[in-house]
Amino acid sequence: MTQVDVLLGLQWGDEGKGKIVDVLSPQYDLIARFQGGPNAGHTLEFDGKKFVLNTIPSGIFNEKTMNLIGNGVVIDPIILKRELDNLKAAGHDPIAKGKLVIARKAHLILPTHQLLDAANEQRMGKDKIGSTLKGIGPTYMDKTGRNGLRVGDTTLPDFKERYNKLVEKHKEILSHYEFEYDLTEKEAAFFEAIEFIKSIPHVDSEHYVNGFLKEGKKVLAEGAQGTLLDIDFGSYPFVTSSNTTTAGACTGLGIAPNRIGNVYGIFKAYCTRVGGGPFPTELDDEVGENLRQVGHEFGATTGRARRCGWIDIPALKYAIMLNGVTELIMMKADVLDGFDTIYACTHYEHNGETIDYMPYDIISVKPTPVLKAIAGWKTDVTKINKVEEIPANLAAYIAFLEKELEVPVKYLSVGPDRVQTLELI
Ligand code: GDP
Ligand code: IMO
Ligand code: MG
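Small disclaimer: the values here were computed from a predicted structure and weren't measured.

Points about the overall build of the protein chain
Link 1 in the chain: The number of helices and strands found in the protein chain is 11 helices and 20 strands.
Link 2 in the chain: In terms of C-alpha radius of gyration, the protein chain reaches 21 Å, essentially the compact-globule figure of 22 Å for 425 residues.
Link 3 in the chain: Counting only C-alpha atoms, the protein chain reaches 65 × 50 × 40 Å along its principal axes.
Link 4 in the chain: Burial statistics for the protein chain: of 425 residues in total, 56% are counted as buried.
Link 5 in the chain: For the protein chain, long-range pairs separated by at least 24 residues make up 77% of all intrachain contacts whose partners lie at least 6 apart in sequence.
Link 6 in the chain: Here the protein chain has roughly 17,700 Å² of accessible surface; of this, 52% comes from carbon and sulfur atoms.

Set out below in structure tokens:
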């Protein structure tokens, strides 16, 4: 039997997962999303074209690769239909080509889940999470509360009754908020999309993925969000509602832990975060603004400006430990091309101590980053395509990170396009 490789984000999301899954997909027979939902925005660029995927796995542009939306994902039928309509209009029709299957056990995001998300965030005021408002939290709450509706339920004769029962419950909760809403249009779009979703092959992801492994085929599990947004280990409560870590690939697809092979941990050469919550290395100044402008750090899903800061080594070490990362992938090195000096946070000052790990409380006592200065490379790296062309100071930065993190960097990304990717080892 073969193993499942996993690719996931080591920071607060938007590391460049979509780009790299697309680059790696020719090596795999199946790409499988295992958690999250349309809060994700995974960007791919090739042949002068740009695509943003929310629910669909990033292997969809590879001719020979199958794509699975796993049981751990929460699906908004309206958004999934729109994604597929857009792909079809662009000449890539995964349904016609039979390249997409969805798990029966994946939970459905209802229009009222989004209303609950919005009502809750509105009530929290300045303490809000900064959710993407896609209904992610309320849908996972109904899943763990054992009330949710699943993809497989759409084919049951009493689906509409089940839907109504859940919506009644949601309406009752909403009546406790001062929150105006009109469901009519959304509900019509939801049922239209449900009919469409029924035409996509439904599978039991646990049997489907294990079947690939038994046949000796290669599977890559694609993460969404990032380790620091994990429901258990992220900067709680400023997190998403799923396990974004390697363990999530097991529960989100139905594979045993000993079936996990390589774990690719992906990170930016600096760091970003979108939404609320602590961010120890955040640069709330013109340097941060420079990173945002040069790196085009605006959300792929919501368009919100991303908060920017230097790379955070204690946070990366934590993420590597949690995920069992075997190979690192460094993204967006080109964004640092113009800097004379860049910085890396090696430790935190926290409660009067110097520490090299992420402490329990980084919200009420903000850690102060201890920064190490690193000479910039002052070279345009966006066109390099050979390892020998990597400027010495960039090579030194990579070597420094490898030594600190004790994991090799396998790929280096120097631009958003597929071709702007170097294999280092
Ligand atoms: P994901 O959610 O992890 O898939 O990442 P996003 O797509 O949300 O954000 C990554 C952004 O950086 C996208 O706009 C990508 O096109 C872009 N990108 C990816 N790799 C690179 C790179 O190496 N350099 C630059 N400049 N942009 C990149
Ligand atoms: P990808 O897969 C970056 C953030 C939101 C918010 C918090 C909770 O593109 O890397 P939610 O909508 O889940 O209730 O939001 O998590 N967040 C992301 N940040 N990239 C993402 O996905 C994210 N998905 C959620 O901004 O702070
Ligand atoms: Mg993203």
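What to know about the pairing of strand S5 (residues 66–69)
Link 1 in the chain: Burial along S5 is two-sided: the face carrying Met66 and Leu68 and the face carrying Asn67 and Ile69 are both buried.
Link 2 in the chain: Where strand S2 (residues 30–33) meets S5, four bridges bridge the pair, whose relative direction is parallel. Counted as the bridge partner of Arg33 is Ile69 from S5.
Link 3 in the chain: Sheet analysis places S5 next to strand S7 (residues 100–103), joined by three bridges and oriented parallel. Paired with Ile69 across the bridge in S7 is Ile102.

Focus on the site of ligand 2
Link 1 in the chain: The immediate surroundings of ligand 2 are formed by 20 residues, with Asp14, Lys17, His42, Thr132 and Thr240 found nearest.
Link 2 in the chain: A distance of 2.9 Å separates an oxygen atom of ligand 2 from a polar atom in the backbone of Gly41.
Link 3 in the chain: For ligand 2, an oxygen atom lies 3.1 Å from a polar atom in the side chain of Ser131.
Link 4 in the chain: Alone, ligand 2 offers 550 Å² of accessible surface; in the complex the protein occludes 97% of this.
Link 5 in the chain: Split into classes, the residues belonging to the shell around ligand 2 amount to seven nonpolar, 10 polar and three charged.

Things to note about the site of ligand 1
Link 1 in the chain: Taken together, 20 residues lie near ligand 1, and Gly16, Lys17, Thr43, Asp334 and Ser413 sit nearest.
Link 2 in the chain: Gly18 is positioned such that a nitrogen or oxygen atom in its backbone is 2.8 Å from an oxygen atom of ligand 1.
Link 3 in the chain: Those elements that provide at least two residues to the shell around ligand 1 are helix H1 (17–24) and strand S3 (42–46).
Link 4 in the chain: Tallied by class, residues from the shell around ligand 1 come to five nonpolar, seven polar and eight charged.

Details of the sheet that holds strand S20 (residues 421–423)
Hydrogen bonds between backbone groups are what pair the strands of a sheet, and the pairing can be parallel or antiparallel.
Link 1 in the chain: Overall, mixed pairing links the 10 strands, which are arranged S9-S7-S5-S2-S10-S1-S11-S15-S19-S20 in an open sheet. The open sheet terminates on both sides in strands that have one partner only, identified here as strand S9 (202–203) and S20.
Link 2 in the chain: With three bridges joining them, strand S15 (residues 327–331) and strand S19 (residues 409–413) adopt parallel strand pairing. Considered in S19, the bridge of Ile329 is made with Tyr411.
Link 3 in the chain: Docked against the sheet, H1 engages strand S1 (4–9), S2, strand S10 (219–222), strand S11 (260–268), S15, S19 and S20, running at close to 155 degrees with respect to S1.
Link 4 in the chain: Its contacts with the sheet put helix H11 (residues 392–405) on S11, S15 and S19, and the angle it makes with S15 is roughly 140 degrees.

Observations regarding the coordination of the magnesium ion (ligand 3)
Link 1 in the chain: Protein coordination at the magnesium ion (ligand 3): the donors are Asp14 (OD) and Gly41 (O), at 2.1 to 2.2 Å from the metal. One end of the pair, Asp14, is in the loop between S1 and H1; the other, Gly41, is in the loop between S2 and S3, with 27 residues separating them in the sequence.
Link 2 in the chain: Taking relative accessible area as the criterion, Gly41 reaches 11% and is therefore assigned buried.

Some points on the nonpolar core
Link 1 in the chain: Counting 60 residues, the largest nonpolar core has Met330, Leu336, Leu394 and Tyr397 as the members making the most contacts within it.
Link 2 in the chain: Discounting residues that sit within four places of it in the chain, Tyr397 has contacts with Ala269, Ile311, Met330, Leu336, Ile342, Ile374 and Trp377.
Link 3 in the chain: With 38 residues, the next largest nonpolar core counts Ile75, Leu108, Leu149 and Leu166 among its residues.

Overview of the side chain of His42
Link 1 in the chain: Checked against the element boundaries, His42 lands in strand S3.
Link 2 in the chain: You can call His42 buried: its relative accessible area is 4%.
Link 3 in the chain: Within the structure, His42 has its side chain in polar contact with the side chain of Glu222 (distance 2.8 Å).
Link 4 in the chain: Residues contacting His42, with those up to four places away along its chain left out, are Lys17, Gly18, Arg33, Phe51, Val52, Leu53, Ser58, Glu222, Gly223 and Ala224.

As for unusual backbone geometry
Link 1 in the chain: Cis geometry is found at the peptide bond from Tyr236 to Pro237, where omega equals 5 degrees.
Link 2 in the chain: Along the chain, Pro237 turns up in the loop between S10 and helix H8 (246–253).
Link 3 in the chain: Backbone geometry at Asn351 places phi at a positive 50 degrees, although glycine is not the residue there.
Link 4 in the chain: Residue classification places Asn351 among the exposed residues on the basis of a relative accessible area of 56%.

Quick notes on the packing of aromatic side chains
Aromatic ring pairs: the centre-centre distance and the angle between the two ring planes describe each pair.
Link 1 in the chain: Under the definition given, this model contains 12 aromatic pairs.
Link 2 in the chain: With 4.5 Å between their ring centres and 35 degrees between their planes, Phe51 and Phe61 make a pair best called tilted. In this pair, Phe51 is assigned in strand S4 (residues 49–53) and Phe61 in the loop between S4 and S5, connecting sequence segments 10 residues apart.
Link 3 in the chain: The exposure class of Phe51 is buried, given its relative accessible area of 11%.
Link 4 in the chain: Taking the relative accessible area as the measure of exposure, Phe61 reaches 8% and is therefore buried.
Link 5 in the chain: In textbook terms, an aromatic cluster arises when at least three aromatic residues are bridged by ring pairs, as seen for Phe159, Tyr163, Phe190 and Phe191.

Considering the environment of Ile75
Link 1 in the chain: Looking at the element boundaries, Ile75 is found in strand S6 (residues 74–75).
Link 2 in the chain: Spatially, the C-alpha atoms of Ile75 and Phe159 are 16 Å apart, while their sequence positions differ by 84 residues.
Link 3 in the chain: Look past the residues within four positions of Ile75 in its chain and what remains in contact with it is Thr55, Ile69, Leu80, Ile102, Ala106, His107, Leu108, Ile109 and Val151.

Calculation notes
- Residues numbered from 1 in each chain as written.
- Chains lettered and ligands numbered in written order.
- Predicted model: local features only at pLDDT ≥ 70, side-chain atom pairs only at ≥ 80, totals over all residues.
- Heavy atoms only, no water.
- Helix = DSSP H or I, 4+ residues; strand = E, 2+ residues; numbered from the N terminus.
- Rg over C-alpha atoms; globule rule 2.2 N^0.38 Å.
- Buried < 20%, exposed > 50% of the residue type's maximum accessible area, 1.4 Å probe, protein only.
- Contact = heavy atoms within 4.5 Å.
- Areas by Shrake-Rupley, 256 points an atom, 1.4 Å probe, with all protein chains shown as cover.
- Pairing = 2+ DSSP bridges.
- Near = heavy atom within 4 Å.
- Polar contact = N/O pair within 3.5 Å; in protein donor to acceptor, adjacent residues only side chain to side chain.
- Nonpolar A, V, L, I, M, F, W, Y, C, P; charged D, E, K, R; others polar.
- Axes fitted to C-alpha atoms, helices over the stretch in contact; angles between N-to-C directions.
- Donors = N, O, S within 2.8 Å, 3.2 Å for Na, K, Ca; no water.
- Core = buried A, V, L, I, M, F, W, Y, C linked by side-chain atoms within 4.5 Å.
- Phe/Tyr/Trp six-rings, centres within 6.5 Å; stacked < 30°, edge-to-face > 60°.

Just geometry here; none of it tells us what the structure is for.
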